[in-house]
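Inside the fold
Spelled out, the chains give:
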Amino acid sequence: MREKEWRTCRLMINGLAHKVQYNQATIDNLFLPFLRRMGKMQQKLGRRMIILLAAPPGVGKSTLALFLERLSNTDEELVPVQALGLDGFHYPNKYLTSHSIERGGQLIPLSAIKGSPETFAVDKLIGKLTDVRKNNVRWPVYDRNIHDVLEEMITVKRPIVILEGNWLLLGEDRWLNVRSFADYSLFISAEPQDLKERLIRRKMAGGSTMEAAKKFYQKSDKLNVERCLKRSWPADETWQMLTDGDYQLKGKVMPTRMVDRDALWKKPDVQLNNSLLGGLNNRHAGQGGKTPLYDEGYVQGMEAARKAILRKLYKNGTMSSKALLDTFQITAEEFKDIIE
């Protein structure tokens, strides 16, 4: 496998500049196909599409959402995407310092657990999501220079919005209602140990000592990481963050070159003398049935599976129509039948 080729980009997130890097192969094989699929879905919906991007702290979801926005501007065939953040729905600092939550028999001010699900104005978020499908609403942001919310700072106006945040798929209380607004959902998983190292480094980059950063992780970030990973509902699609910060479809290694697809049959050539099928045929024949029914059903099932695989390769952007026709030696008429 060839060495990864990293591309660097500078982004402004919540008032702060960030330098991020993404693997070129991941851009080509994961990000762009994702944007193409979302564009097709939005066009079918005929209205603004809402994508919920949920992930634990430390996976780079804010920078990723903004990078996908920038990437959607690079090809006129892509539907424009707008990145939005959940952080603008934090309760204001005045509220956090004047309200508390009971944990372990003790009253804890919300300001001490800022970032946890209890510190967000969920009803306010639901109100915005109700409006955003049909209207160009104003969206709040969280400014990390003043560490507080700025109301109605961004106009939502693009056909697809990617809303990112830790708790968007949380299976608890009022957050369950947020999930219902998703036209599509994406979750990014990661190994807790990788997130621990990233979050401690991030805290130190903000001026904390190593000791203070580790204490903050134990007191706050660790709890949020575990809660997000364990309590989030399954998404329509899940990506995995790797140790080096790269991404891939969970459970699937992204190829860096065209794989040998000879293993995917061009036409089903099914041998019907295997022991399992033979046993089924014999049992059916013993009951007065006709064995060709099993033979025919088996072949039809294999053909249906083949069509499903080819349809998925096309619709998820892995292969173009021309590549499918050339690789699997199918006619234009067969291709039309497969994708319908």
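Residues numbered from 1 in each chain as written. Predicted model: local features only at pLDDT ≥ 70, side-chain atom pairs only at ≥ 80, totals over all residues. Heavy atoms only, no water.

**Side note on the nonpolar core**
In a soluble, globular protein the nonpolar side chains are often hidden away together inside. Quick note on the threshold: Take the buried residues of types Ala, Val, Leu, Ile, Met, Phe, Trp, Tyr and Cys, join any two whose side-chain atoms come within 4.5 Å, and each joined set is a nonpolar core. When accessible area is computed with a 1.4 Å probe and restricted to protein chains, residues below 20% of their type maximum are described as buried, those above 50% as exposed, and intermediate ones as partly exposed. Put simply, DSSP marks the helices as runs of H or I at least four residues long and the strands as runs of E at least two long, and each gets a number from the N terminus on. Pairs of residues are marked as contacts when any of their non-hydrogen atoms sit within 4.5 Å.
Counting 41 residues, the largest nonpolar core has Phe 31, Phe 34, Ile 188, Trp 239 and Tyr 247 as the members making the most contacts within it. Considering every element that reaches this core, the biggest residue donor is helix α1 (residues 24-45), with seven residues. Beyond its immediate chain neighbours, meaning those up to four positions away, Tyr 247 contacts Tyr 22, Thr 26, Leu 30, Phe 31, Val 59, Gly 60, Leu 64, Ile 188, Trp 239, Gln 240 and Met 241. Residues Ile 126, Trp 139, Leu 170 and Trp 175 belong to the second largest nonpolar core, which totals 26 residues.

**With respect to helix α7 (residues 210-231)**
Threshold: Between the first and last residue of a helix there are one fewer steps than residues, each counted as 1.5 Å, and that sum is the expected span. Bend, in this description, refers to the angle at a residue between axes fitted to the seven residues ending there and the seven starting there.
An ideal rise of 1.5 Å per residue puts 32 Å on 22 residues; α7 measures up with 29 Å between its terminal C-alpha atoms. The largest bend along α7 reaches roughly 50 degrees and is located at Tyr 217. Lining the buried residues of α7 we find β5 (100-103), β10 (184-189) and α6 (192-205).

**Re the environment of Gln 21**
Applied cut-off: N or O atoms within 3.5 Å of each other form a polar contact, as long as, within protein, one can give a hydrogen and the other can take it, and as long as residues adjacent in sequence are counted only when both atoms are side-chain atoms.
Looking at the element boundaries, Gln 21 is found in strand β2 (residues 16-23). Distance from Gln 21 to Phe 67, taken between C-alpha atoms, is 10.0 Å for residues 46 residues apart in sequence. In contact with Gln 21, not counting residues within four places along its chain, are Trp 6, Arg 7 and Thr 8. A distance of 3.2 Å separates polar atoms of two side chains, one belonging to Gln 21 and the other to Thr 8.

**Observations concerning unusual backbone geometry**
Among all residues save glycine, negative phi is the norm, and among peptide bonds the norm is trans. Phi is positive for Glu 152, which is not a glycine, with a value near 45 degrees. Along the polypeptide, Glu 152 turns up in strand β8 (residues 148-155). Backbone geometry at Asp 173 places phi at a positive 45 degrees, although glycine is not the residue there. Here Asp 173 shows up in the loop between β9 (160-165) and α5 (175-179).

**Observations concerning the packing of α6 against α7**
What counts is decided by this rule: Orientation is described by lines fitted to C-alpha atoms, with helices fitted over the stretch in contact, and by angles between N-to-C directions that extend from 0 to 180 degrees. Should an angle fall under 35 degrees it is called roughly parallel, over 145 degrees roughly antiparallel, and 65 to 115 degrees roughly perpendicular, with every other angle called oblique. Crossing chirality is assigned from the near helix's rotation relative to the far helix, an anticlockwise turn below a right angle marking it left-handed and a clockwise turn marking it right-handed. Under the convention adopted here, Pro, Cys and the residues Ala, Val, Leu, Ile, Met, Phe, Trp and Tyr are nonpolar, Asp, Glu, Lys and Arg are charged, and Gly plus all remaining residues are polar.
Two numbers describe how α6 lies on α7: the axes approach to 9 Å, and their chain directions differ by 135 degrees. Between α6 and α7, the angle falls in the class oblique. For the pair α6 and α7, the crossing hand works out as right-handed. Across from Pro 192, Leu 195, Lys 196, Leu 199, Ile 200, Lys 203 and Met 204 in α6, the residues of α7 making contact are Met 210, Ala 213, Lys 214, Phe 216, Tyr 217, Gln 218, Asp 221, Val 225 and Leu 229. Taken together, the residues of the contact of α6 with α7 sort by class into 11 nonpolar, one polar and four charged.

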